[in-house]
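Chain by chain, the residues:
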Amino acid sequence: MADMVGWVVPEKIRLIKVADIDDPSAELNLESGSERGMLIVCYENVVGTDEFTIYSWDDSSSGAESVPFTIDGSAGIWIAVGGKFNNSSVIIPSTEWVYWGLPTVDGSWRRGIVNDDFVEERRESGTWIEKRATEH
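Scope of this entry: the structure provided in the associated data block.

Cut-offs used in this document
Residues numbered from 1 in each chain as written. Predicted model: local features only at pLDDT ≥ 70, side-chain atom pairs only at ≥ 80, totals over all residues. Heavy atoms only, no water. Helix = DSSP H or I, 4+ residues; strand = E, 2+ residues; numbered from the N terminus. Buried < 20%, exposed > 50% of the residue type's maximum accessible area, 1.4 Å probe, protein only. Contact = heavy atoms within 4.5 Å. Phe/Tyr/Trp six-rings, centres within 6.5 Å; stacked < 30°, edge-to-face > 60°. Patch = residues over 30% accessible without salt bridge, like charges linked within 9 Å, V, L, I, M, F, W, Y side chains within 5 Å. Areas by Shrake-Rupley, 256 points an atom, 1.4 Å probe, with all protein chains shown as cover. Salt bridge = Lys/Arg side-chain N within 4 Å of Asp/Glu carboxyl O. Lys, Arg positive; Asp, Glu negative; His and termini not counted. Charge placed at Lys NZ, Arg CZ, Asp CG, Glu CD.

### Some thoughts on the overall build of the protein chain
Counting secondary structure elements, the protein chain contains one helix and eleven strands. In the protein chain, the order of α-helices and β-strands from amino to carboxyl end is β-α-β-β-β-β-β-β-β-β-β-β. For the protein chain, the proportion of its 136 residues judged to be buried stands at 37%. Summarising the internal contacts of the protein chain: among those between residues at least 6 apart in sequence, 37% fall at separations of at least 24.

Right under this line is the structure:
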């Protein structure tokens, strides 16, 4: 990654060089996103190793910090969504829901079929909130 020289970065994405990609909390604890869903790419540039993790901002999450998967920021939380670490896993439980994230962590998504309708929900403040539903 050579210190990300020459990268063209969209406006809603920020790059932050971190001392330790396995624990970027020293840098991210001081950061806040300007809006939900904003991304930060944390990268560590060590000779022979170029590693990064992409974090998404959630200003409404009250989940507990779990470094490096979720990291407290200033008035919200950073959720790892890709790269070396991510706070997502696809879990297909017997209820037929598919989860992105963990079923008990705010900021996670789940999708499933309920009464022949496709339902998409996001976990907010400990509750699943329907965000989109479409008929098949």
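So much for the structure itself; the text now carries on.
### Topic: the packing of aromatic side chains
Scanning all chains against the criterion turns up two aromatic pairs. Here the aromatic rings of W57 and W78 are separated by 4.7 Å at their centres, their planes lie at 55°, and the arrangement is tilted. Linking W57 in strand β3 (residues 49-58) with W78 in strand β5 (residues 76-83), this pair joins segments that are 21 residues apart in sequence. Judged on exposure class, the residue W57 and its partner W78 are both buried. Taking 5.7 Å as the distance between ring centres and 90° as the angle between the ring planes, the aromatic pair formed by F69 and F85 counts as edge-to-face. Residue F69 is found in the loop between β3 and β4 (70-73), and its partner F85 is found in strand β6 (residues 85-86); the two are separated by 16 residues along the sequence. Under the relative-accessibility criterion, F69 is labelled partly exposed at 32%.

### Examining a negative patch on the surface
A surface patch of negative charge is lined by D20, D23, E65 and D72. Topologically, E65 is positioned in the loop between β3 and β4.

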